[in-house]
Amino acid sequence: MRAVQLVAHGKPGKFELRQLPESSPGPEEVVVQIEACGLNYLDLWLEEAGLPIPIPLPRTPGGEIAGLVFRTGSDVKDWKPGDPVAIQSNLFCGECEFCRRGEESLCLNSELLGVQRDGGFADKVVVPARSLVRLPDEVDFESSAALTLAGSTAMHMLTSRAEIRRDDWVLVIAGASGVGSAAIQIARQLDARVISTGSSGAKRSLALRLGAEFVIDSNNPGWPAEVRKITEKHGVDLVVEHVGGDVLLKCFECLARGGTIVTCGATAGRDIKFNLWPFFAKEQRLIGSYGRNRADILATLDWAAAGRLKPVIDSVFTLDQVAAAFTRLRSRSVLGKVLIKPNSVLAG
Ligand SMILES: [Zn+2]
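Scoring rules and cut-offs
Residues numbered from 1 in each chain as written. Predicted model: local features only at pLDDT ≥ 70, side-chain atom pairs only at ≥ 80, totals over all residues. Heavy atoms only, no water. Helix = DSSP H or I, 4+ residues; strand = E, 2+ residues; numbered from the N terminus. Buried < 20%, exposed > 50% of the residue type's maximum accessible area, 1.4 Å probe, protein only. Contact = heavy atoms within 4.5 Å. Pairing = 2+ DSSP bridges. Axes fitted to C-alpha atoms, helices over the stretch in contact; angles between N-to-C directions. Phe/Tyr/Trp six-rings, centres within 6.5 Å; stacked < 30°, edge-to-face > 60°.

Can you walk me through the environment of Ile186 in this structure?
Among the secondary structure elements, Ile186 is positioned in helix H5 (residues 178-189). Its relative accessible area of 0% is what places Ile186 among the buried residues. Sequence separation between Ile186 and Arg328 is 142 residues; the distance between their C-alpha atoms is 26 Å. When sequence neighbours within four positions are dropped, the list of residues in contact with Ile186 reads Gly151, Ala154, Met155, Leu158, Thr159, Trp303 and Leu309.

As structure tokens, this is what we get:
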């Protein structure tokens, strides 16, 4: 099988497309033939050695995988070759106290697919059978690869970690990103009023098309004042934040009394210093969100099947263009998702 391996960290890192022996599944594992795989900031952090844990190389990145079951291990009863599947990329043990109550995002033995074991920028991948999710007929491989990780991250933030009430003001940071583009749609479906930020006209136009009522230029350092103006000084009830650093601090400037910030990323910085006094005096909340549960993926795919959540695909690359795909995502001009389609190379 062919697989793209990261062989040296860097910005850009060094990738090699290699021919590897066919992998065989363990008793409770399956081999999935990959049809499409989404690229995420997690992959960039792996590339740049920016993760809090050292990752030995070579490693095949890619966690947002959709494809067909190719081979099953001897103990796998629920799947057969040809089944269309997505993969829950936060691999979970299924046995710890958190997994037993459906909170795989908190699994004590979790592993990130494409980070701690080889992922989807390859023809095939070996994963535990329990990580498979059946793809609905209405959801094609590209849509799945654009939503399963980023969309379910947003679903987890908006429906599992935080809660939206009708007519709440919701601020979605970076609405043209993978998480942001899904978050705008989910918040609108839940009858919230959405404000979003974007650093270019194209990104702000996309946020409007997805359902944001107002968009704000995040290059303007005074953007929180605009949010307060739009909401007539009320501020926003919920912020969907995935950037971190100073952006997270600015979110507090536009947060309503009793409001909540839910955050799942820190591309702009992990260490922040903030003033606790207004935070507790206004009874605000800061909620962490990490990955997703099975329920969030099922909801994401159900919503996609029903047309309530649409993938936004920026560009599609082949397996021998993976380095270019990473460069594209790092350029920060991406609208929605960057995908890799491994088997379009095989066909050619
Ligand atoms: Zn577990």
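Would you explain the sheet that holds strand E14 (residues 255-263) in this entry?
Backbone hydrogen bonds are what pair the strands of a sheet, in a parallel or an antiparallel way. Judged by pairing direction, the sheet is parallel, and its 6 strands sit side by side in the order E12-E11-E10-E13-E14-E15 without closing on themselves. Edge positions in the sheet fall to strand E12 (214-217) and strand E15 (285-288), since each has one partner strand and no second. The sheet shows a mean angle of 20° between the axes of neighbouring strands, taken without regard to direction. Inspection of the sheet shows strand E10 (residues 169-172) paired to strand E13 (residues 236-241) by 3 bridges, in the parallel sense. Of the residues in E13, the one forming a bridge with Leu171 is Val239. Along the sheet face, helix H6 (residues 201-210) touches strand E11 (193-198) and E12 and points at about 165° away from the line of E12. Those strands touched by helix H7 (residues 223-230) are E10, E11, E12, E13 and E14, and its axis lies near 160° from that of E12.

For this particular structure, what's the right way to read the packing of aromatic side chains?
The final tally for this structure, using the stated rule, is 7 aromatic pairs. Aromatic side chains Phe121 and Phe326 sit 6.1 Å apart centroid to centroid with 80° between the ring planes, which places their arrangement in the edge-to-face category. Separated by 205 residues along the polypeptide, Phe121 in the loop between strand E7 (111-112) and strand E8 (124-128) and Phe326 in helix H11 (residues 322-330) bring together distant segments of the chain. In this structure Phe121 comes out as buried when scored by relative accessible area, which is 0%.

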